[in-house]
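Here is what each chain is made of, one letter per residue.
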Amino acid sequence: MSKSHIIEVEHLVKKYANLAAVNDVTFSVEPGEIFGLLGPNGAGKTTTINILCTLSKPTSGKALINGFDIVRQQGQVRQCIGLVFQDPSLDERLTALENLDFHSRVYNIPASLRAERTEQVLKMVEPWERRRDVVKTFSGGMKRRLELARGLLHHPRVLFLDEPTLGLDPQTRNRLWEFILGLQKTEGTTIFLTTHYMDEAEYADRIAVMDYGQLIALDSPEVLKGMVGGDMISLSTTDDQKAQTELKERYNIQPEYDDGQISFEIADGSRFIPTLIKGLKTEILSISLRRPTLDDVFLKLTGHRLRDEAVRSEFKEIVRQMGRHQRRR
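All values reported here derive from a predicted model rather than from experimental measurement. Note on numbering: residues in each chain are counted from 1, in written sequence order. Local features in this predicted model are restricted to residues of pLDDT 70 or higher, and side-chain atom pairs are both shown and tallied only at a pLDDT of 80 or more, whereas totals for entire chains, interfaces and linings draw on every residue. Note that the side-chain values use all heavy atoms of the structure and ignore hydrogens as well as water.

**Notes on the confidence of the model for the chain**
Residues of the chain with pLDDT of at least 70 account for 91%, and the chain-wide mean is 86. pLDDT gives the predictor's per-residue confidence on a scale running from 0 to 100. Whether two residues are in contact is decided by their heavy atoms: any pair within 4.5 Å suffices. Here residues 310-322 is modelled with pLDDT under 50, and outside its nearest four sequence neighbours on either side it reaches 11 contacts, counting other chains as well.

**As for the nonpolar core**
Ranked by size, the top nonpolar core spans 41 residues in total, and within it Leu146, Leu148, Leu159, Leu161, Ile180, Ile191 and Ile207 carry the most contacts. Those residues in contact with Leu161 that lie beyond four places of it in its chain are Ile49, Val84, Leu148, Ile180, Ile191, Phe192, Leu193 and Thr194. If you look at the next biggest cluster of nonpolar residues, it comprises 27 residues, including Phe35, Leu37, Ile81 and Ala208. As used in this record, nonpolar core signifies buried Ala, Val, Leu, Ile, Met, Phe, Trp, Tyr and Cys residues forming a set joined through side-chain atoms within 4.5 Å. For each residue, the accessible area found with a 1.4 Å probe, counting protein chains only, is set against the maximum for its type, and the residue is called buried under 20%, exposed over 50%, and partly exposed in between.

**Description of empty space enclosed by the protein**
The definitions used throughout rest on a 1 Å grid laid over the protein atoms alone, on which a cavity is an enclosed set of points accommodating a 1.4 Å probe that cannot get out and a pocket is an open set flanked by protein within 12 Å on both sides along at least five of seven lines; lining residues are those having an atom within 4 Å of a point. Grid points are joined across faces, edges and corners, and a volume is the space filled by probe spheres set on the points. Within the structure shown, the criterion is met by 1 cavity of 30 Å³ or more. The volume enclosed by the largest cavity comes to roughly 30 Å³. Per-element tally for the lining of the largest cavity: the top contributor is helix α11 (residues 294-302), with 3 residues. In this classification, Asp, Glu, Lys and Arg are treated as charged, Ala, Val, Leu, Ile, Met, Phe, Trp, Tyr, Cys and Pro as nonpolar, and every other residue, Gly included, as polar. Classifying every residue of the lining of the largest cavity gives 6 nonpolar, no polar and no charged. The helix count covers DSSP runs of H or I at least four residues long, the strand count covers runs of E at least two residues long, and both are numbered beginning at the N terminus.

**Quick word on the pattern of salt bridges**
Take a side-chain nitrogen of Lys or Arg and a carboxyl oxygen of Asp or Glu: if they are within 4 Å of each other, that pair is a salt bridge. Summed over the entire model, instances satisfying the criterion amount to 16 salt bridges. The residue Glu147 makes a salt bridge to Arg144 at a minimum N-O spacing of 2.5 Å. Remark: Arg144 and Glu147 occur in helix α5 (residues 140-152); sequence separation between them is 3 residues, near one turn of the helix. Taken together, the salt bridges that share partners define one network made up of Arg173, Asp199 and Glu200.

**Overview of the packing of helix α3 (residues 96-106) against helix α4 (residues 111-125)**
Throughout, an axis means a line fitted to C-alpha atoms (over the contacting stretch in the case of helices), and angles, computed between N-to-C directions, take values from 0 to 180 degrees. Packing of α3 against α4 brings their axes to within 10 Å, and their N-to-C directions diverge by 125°. In this view, α3 runs oblique relative to α4, as classed from their interaxial angle. Handedness of the crossing formed by α3 with α4: right-handed. Contacts between α3 and α4 involve Leu97, Leu100, Asp101, Ser104 and Arg105 from the former and Arg114, Thr118, Val121 and Leu122 from the latter. A per-class count over the contact of α3 with α4 returns 4 nonpolar, 2 polar and 3 charged. Roughly parallel means an angle under 35 degrees; roughly antiparallel, over 145; roughly perpendicular, 65 to 115; everything else is oblique. In this scheme, a crossing is called left-handed if the near helix is turned counterclockwise away from the far one by less than a right angle; it is called right-handed if the turn is clockwise.

Have a look at this one:
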């Protein structure tokens, strides 16, 4: 294993009876990198994070965080990582200050530094003015920012974010990501995240795609999108059947037809469109071009779209929150 990597994972396996939740996974993460882990529900993403954060022991394989072994040196690993869980983990009966004070004691932050660190991280994520308020009065976005503050209190080398913006409105998600990106830039913190949102995945320097416990792709977003092939062109014409025949015979293109739209994939679509407009004998009524997306990559690799997983995950989160609200009543 190389000392230059902040995270190193080799042949990691986690089995539950006969099920391999994580199956022979190997990858490394560079210092200061934003590293994304994508995959459908049950792919092994959260299990992988739990292993790396010492919350679960691997069945076999090896992993190092900042040079420390996740099994033999758990204390040292925990000192250099921060973790924002997928599910809320604050004590809502305590104030923001009390939550952070408890956490600082768990991490053995010296008493002389606790007040300074607490003020620093609370001002960084904005809820300083409400530091003495009970957390149950906070909005969802404010609770998430407080969880980030708690994860940063001990200045971790690596911040693990497991679905950090799940259930938040778009405006709050954007503000949270502005902070995360600023943190990476100013502090050099390595960010390791799982997410269902394609726009969030685009922030990653590199993305690993998991399915059925295995790593099936790993590269930058641009390289992964290049795996899909060409651009997608969609058009409608005065005679779609005739246009499809022309595309096959004149351009050797095998188009698809759905809901009144002809669509096909082609390399360098922006250059091909003028040629098509001039050369197609059938009159074109509308035409559009779409670049490959990470959702297309996900579909190609796993057979289904990540945005479908996001809808299911969001629905489960809404149901869970409704259940909590009903229990409180």
